[in-house]
Amino acid sequence: MTSLSDDRDAAVQRVQEAYAEGHLSHAEMDGHLQQVLTATTSAALEPVLAALPEQRRPGTATIGAAGGRIKRGGAWRVPRFLKVESAYGRVRLDLSRAVFEEPTVDIELQLGTGGARITVPRDATVELDGLHTGWKDTRYRPRRSPGSGGPTIRITGALGYGRLKIRHARR
């Protein structure tokens, strides 16, 4: 059984996520937060949560751009399912210092033109079984001695005119 404080914290997070995703105006967010923070019972939180849009499946994110560059690096959180969509431009994903939510990550690439470069942790295992390339082959050289305990990264999807280069981080 959760406490009112825990329920309040979860409700505040849901309201803030709905605002960040563009489902609420600033004024609506303020009103919902006021109701959440003044609630005296967990049951009083239910009408506020019911008014919010349904939560997306946890561990799922989409990164997209019609044109230009998509770049992620540093200590960013990698969800269980990551979809990367780009019609034109380059994609650079550096997973070497990323925080993984799960031991297995599925990355779906849907790229029109432009290449992609993915840097994976030293001890990662990479699987490319569901990837289709239209123009150039994928460049990936698995490590001679695969690391243990690292994440498994499964890359699927389709690349039109571009090349996917995958490398393991040096450190």
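Residues numbered from 1 in each chain as written. Predicted model: local features only at pLDDT ≥ 70, side-chain atom pairs only at ≥ 80, totals over all residues. Heavy atoms only, no water.

**Student:** Mind showing me how you'd approach helix H2 (residues 26–38) here?
**Tutor:** A turn of α-helix holds 3.6 residues, and therefore any two residues three or four places apart point the same way. The terminal C-alpha atoms of H2 lie 18 Å apart, and with 13 residues this matches the ideal 18 Å at 1.5 Å per residue to within 8%. Listed as buried for H2 are Met-29, His-32, Leu-33 and Val-36. Burial along H2 is one-sided: seen end-on, the buried residues are contained in an arc of 100 degrees. Across from the buried face of H2, at angles greater than 90 degrees, the exposed residues are Ala-27 and Gln-34. Check the buried side of H2 and you find it contacts helix H1 (4–20) and helix H3 (46–50). (Helix = DSSP H or I, 4+ residues; strand = E, 2+ residues; numbered from the N terminus. Expected span 1.5 Å × (residues − 1). Buried < 20%, exposed > 50% of the residue type's maximum accessible area, 1.4 Å probe, protein only. Arc of directions from axis to C-beta. Contact = heavy atoms within 4.5 Å.)

**Student:** Teacher, can you tell me more about the pattern of salt bridges here?
**Tutor:** When their charged atoms lie close together, side chains carrying opposite charge are able to pair. Applying the stated criterion to the full structure yields four salt bridges. Here Arg-80 makes a salt bridge to Asp-106, at a shortest N to O gap of 2.5 Å. Pair noted here: Arg-80 is in the loop between strand E3 (77–78) and strand E4 (81–86) and Asp-106 is in strand E7 (residues 104–113), with a separation of 26 residues, a long-range link. Residue Lys-83 pairs with Glu-85 through a salt bridge whose shortest N-O separation is 3.2 Å. Relative accessible area serves as the criterion here: at 32%, Glu-85 is assigned to the partly exposed category. Each of Arg-80, Asp-106 and Arg-154 takes part in a single network of salt bridges with overlapping partners. (Salt bridge = Lys/Arg side-chain N within 4 Å of Asp/Glu carboxyl O.)

**Student:** Is there a simple way to think about H1 in this case?
**Tutor:** The terminal C-alpha atoms of H1 lie 24 Å apart, and with 17 residues this matches the ideal 24 Å at 1.5 Å per residue to within 8%. Listing the buried residues of H1 in full gives Ala-11, Val-12, Arg-14, Val-15 and Ala-18. One side of H1 carries all its buried residues, which in axial view fall inside an arc of 165 degrees. Buried-residue contacts for H1 involve H2 and H3.

**Student:** Got a minute to help me understand the nonpolar core in this structure?
**Tutor:** Nonpolar side chains tend to gather and get buried jointly when the protein is soluble and globular. Judged by nonpolar contacts, the single largest core of 26 residues is most densely connected at Val-84, Leu-95, Ile-107, Leu-109, Ile-118, Ile-155 and Leu-164. Looking at this core, the element that brings in the most residues is E7, giving four residues. In this structure, Val-84 is in contact with Ile-63, Ile-70, Val-91, Leu-93, Ile-107, Glu-108, Leu-109, Gln-110 and Leu-111, ignoring residues within four places of it in sequence. (Core = buried A, V, L, I, M, F, W, Y, C linked by side-chain atoms within 4.5 Å.)

**Student:** For this particular structure, what's the right way to read the environment of Thr-133?
**Tutor:** For Thr-133, the position within the fold is in strand E9 (residues 125–133). Judged by relative accessible area, which is 31%, Thr-133 ranks as partly exposed. With 106 residues separating them in the primary sequence, Thr-133 and Ala-27 have C-alpha atoms 47 Å apart.

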